[in-house]
Amino acid sequence: MTISSGEISVTSSCSLARLAPLEAVLFDVDGTLCDSDPIHHLAFREMLQEIGFNGGVPISEQFFVENIAGKHNDDIAVRLFPNDLERGLKFCVDKEAMFRRLAKEELKPIQGLYKLKKWVEDRGLKRAAVTNAPKENAELMISTLGLSDFFEAVIVGDDCEHAKPFPDPYLKALDILKVSKDHTVVFEDSVSGIKAGVAAGMPVVGLMTRNPEHLLMEAKPTFLIKNYEDPKLWAALEELDRLAGVAPAST
């Protein structure tokens, strides 16, 4: 797929047609339902600086993207504290508490989220949230966004033998919803999340919320969108409606 800096046209590479009829939609949470990465970055930056990590120099956004974003806390602990895993795990627990305090005031939905929510509801599709976030974080974010009644299931990495980028969380979601991977689409914003969805055998629509486009493309999403207002997404969804015989909505 060729992506220009200007308006991006819809191409055959943006098709989700093989999913028809669509049965289910699976969403990551951080960066996919809400733009939470800046809150995570702030919490990590302040807490790491307090303990003198990196000589007291605040971590950069690039460091955050490469070492933290989208990863399970067990993996983050190993990366940040390779010689003291117990300390790393305790640090991550404390950091999540700080994140939750900040998120209650700062959390905002990804643009167009509620438009897509209505589209999913109107078609009676099954849906689940699938995340590497701790359960308490996931439930707080979903509740803050007003989506507690929207999701039929919330699967967290801790529920599975392996978290993302392994496919286990997405395979568990398919099993809980009793749907086929051949009729389910995934929305993700991180490299590890896209890899997990692809490894589970599903097409993944990647969101360019915070992570660099070239890194996301290396994980092999079906296509990338800026947010849920992106014309590429709605062209793909309209194609699914056409193949399923759903009448177009009146404007």
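A brief report on the enclosed structure follows. Treat the numbers as computed from the prediction; the structure is a model and nothing was measured. (Residues numbered from 1 in each chain as written. Predicted model: local features only at pLDDT ≥ 70, side-chain atom pairs only at ≥ 80, totals over all residues. Heavy atoms only, no water.)

1. Section: the packing of aromatic side chains
Phase 1 of the analysis: One pass over the full model with this rule turns up 9 aromatic pairs.
Phase 2 of the analysis: Seen from the ring of W234, K115 lies directly overhead, with NZ or CZ sitting 4.4 Å from the centre. (Phe/Tyr/Trp six-rings, centres within 6.5 Å; stacked < 30°, edge-to-face > 60°. Lys NZ or Arg CZ within 6 Å of the ring centre and 35° of its normal.)

2. Notes on unusual backbone geometry
Phase 1 of the analysis: Residue A20 is joined to P21 through a cis peptide bond whose omega torsion reads -5°.
Phase 2 of the analysis: Checked against the element boundaries, P21 lands in the segment before β1 (24-27).
Phase 3 of the analysis: Residue P165 follows K164 across a cis peptide bond; omega there is 15°.
Phase 4 of the analysis: Within the fold, P165 resides in the loop between β3 (153-156) and α7 (168-177).
Phase 5 of the analysis: One non-glycine residue, N54, adopts positive backbone phi at about 55°.
Phase 6 of the analysis: Tracing the chain through its elements places N54 in the loop between α1 (37-50) and α2 (61-67).
Phase 7 of the analysis: Taking relative accessible area as the criterion, N54 reaches 48% and is therefore assigned partly exposed.
Phase 8 of the analysis: Look at K220: it is not a glycine, yet its phi comes out positive at around 70°. (Helix = DSSP H or I, 4+ residues; strand = E, 2+ residues; numbered from the N terminus. Buried < 20%, exposed > 50% of the residue type's maximum accessible area, 1.4 Å probe, protein only.)

3. Some words on α1
Phase 1 of the analysis: If you check α1, its first and last C-alpha atoms are 20 Å apart, about what 14 residues at 1.5 Å a residue would give, namely 20 Å.
Phase 2 of the analysis: Turning to α1, its buried residues number three or more, namely D37, I39, H40, H41, A43, F44, M47 and L48.
Phase 3 of the analysis: Contacts made by the buried residues of α1 are with α2, α3 (73-80), α4 (85-106) and α6 (135-144).
Phase 4 of the analysis: Once α1 ends, the next one or two residues include G52, with phi positive near 80°. (Expected span 1.5 Å × (residues − 1). Contact = heavy atoms within 4.5 Å.)

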